[in-house]
Amino acid sequence: MRESKTITPAWKAQCIQEALDIRNAAAVARRHGLSVRLVQKWVQTATKHATPEEARALKKALQQATTENHQLKQLLGEKDLEIAILHDLLKKAPRASLTDVK
């Protein structure tokens, strides 16, 4: 189970949006290590009791989380490419030059 102190508004908004998109709070709860009841409560609160300000705040938090997620995926892709290039260079490097490095 995920600790409550690590739940950020952006992450909560992302979970709510996922549950609304796929219409399955249980799947979202399993994916994120949360209780099903908690995710259901979040969705219910967000859809029935949310004020316009809360809805805007959730939407903004979700947009920020989506942007950050995209940036992190891009960074991870760049790192994977760098690692692949380094592996390729190691394969092509002469063995003698690798052992001479001190």
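Whatever comes next refers back to the structure up there.
Nothing here was measured: the structure is a model prediction, and the numbers come from that model.

**Q** Explain unusual backbone geometry to me, please; I cannot follow it from the model alone.
**A** The bulk of non-glycine residues show a negative phi, and the bulk of peptide bonds are trans. The residue R23 is not glycine, and still its phi comes out positive at about 55°. Relative to the elements of secondary structure, R23 occurs in the loop between α1 (9–22) and α2 (25–32). R23 gets classed as exposed once you look at its relative accessible area, which sits at 75%.

**Q** Before we go on, may I ask you to explain a nonpolar patch on the surface in this structure?
**A** A surface patch of nonpolar side chains, about 400 Å² in accessible area, is lined by L81, I85, L86 and L89. Relative to the helices and strands, L86 resides in helix α4 (residues 52–92).

**Q** Please explain the pattern of salt bridges as it appears in this structure.
**A** A side chain of one charge can pair with a side chain of the opposite charge if their charged atoms are brought near each other. Evaluated as defined, the whole model comprises 4 salt bridges. Its salt-bridge partner being E18, residue R31 comes within 2.5 Å of it at the nearest N-O pair. Taken together, the residues R31 in helix α2 and E18 in helix α1 connect sequence positions 13 residues apart. For R31, a relative accessible area of 51% gives the class exposed. When the shortest N-O distance is used, the salt bridge between K79 and E82 registers 3.7 Å. Taken as a pair, K79 and E82 lie in helix α4 at a separation of 3 residues, close to a single helical turn. Given the relative accessible area of 42%, E82 is considered partly exposed.

**Q** Would you take a moment to explain the nonpolar core for this structure?
**A** The tendency in soluble globular proteins is for nonpolar side chains to be buried side by side. Counting residues in hydrophobic clusters, the biggest one holds 12 residues: W11, C15, I16, A19, A25, V28, A29, L34, V39, W42, V43 and A46. Elements with a contribution of two residues or more to this core: α1, α2 and α3 (36–48). Discounting chain neighbours no more than four positions away, the residues touching V39 are A19, A25, V28, A29 and L34. By size, the runner-up hydrophobic cluster in this structure holds 5 residues, among which are A10, A61, L62 and A65.

**Q** Looking at this structure, how should I read the packing of α2 against α3?
**A** Geometrically, a packed helix pair is captured by the angle between its two axes and the distance between the axes. The contact between α2 and α3 brings their axes to 8 Å, and the two run at 120°. Relative to α3, the element α2 is oriented oblique. Crossing handedness for the pair α2 and α3: right-handed. Taking contact as the criterion, the partners of A25, A26, V28 and A29 in α2 are, on α3, V36, V39 and Q40.

Conventions adopted
Residues numbered from 1 in each chain as written. Predicted model: local features only at pLDDT ≥ 70, side-chain atom pairs only at ≥ 80, totals over all residues. Heavy atoms only, no water. Helix = DSSP H or I, 4+ residues; strand = E, 2+ residues; numbered from the N terminus. Buried < 20%, exposed > 50% of the residue type's maximum accessible area, 1.4 Å probe, protein only. Patch = residues over 30% accessible without salt bridge, like charges linked within 9 Å, V, L, I, M, F, W, Y side chains within 5 Å. Areas by Shrake-Rupley, 256 points an atom, 1.4 Å probe, with all protein chains shown as cover. Salt bridge = Lys/Arg side-chain N within 4 Å of Asp/Glu carboxyl O. Core = buried A, V, L, I, M, F, W, Y, C linked by side-chain atoms within 4.5 Å. Contact = heavy atoms within 4.5 Å. Axes fitted to C-alpha atoms, helices over the stretch in contact; angles between N-to-C directions. Parallel < 35°, antiparallel > 145°, perpendicular 65-115°, else oblique. Left-handed = near helix turned anticlockwise from the far one by under 90°.

Don't take any of this as a statement about function, it's just geometry.
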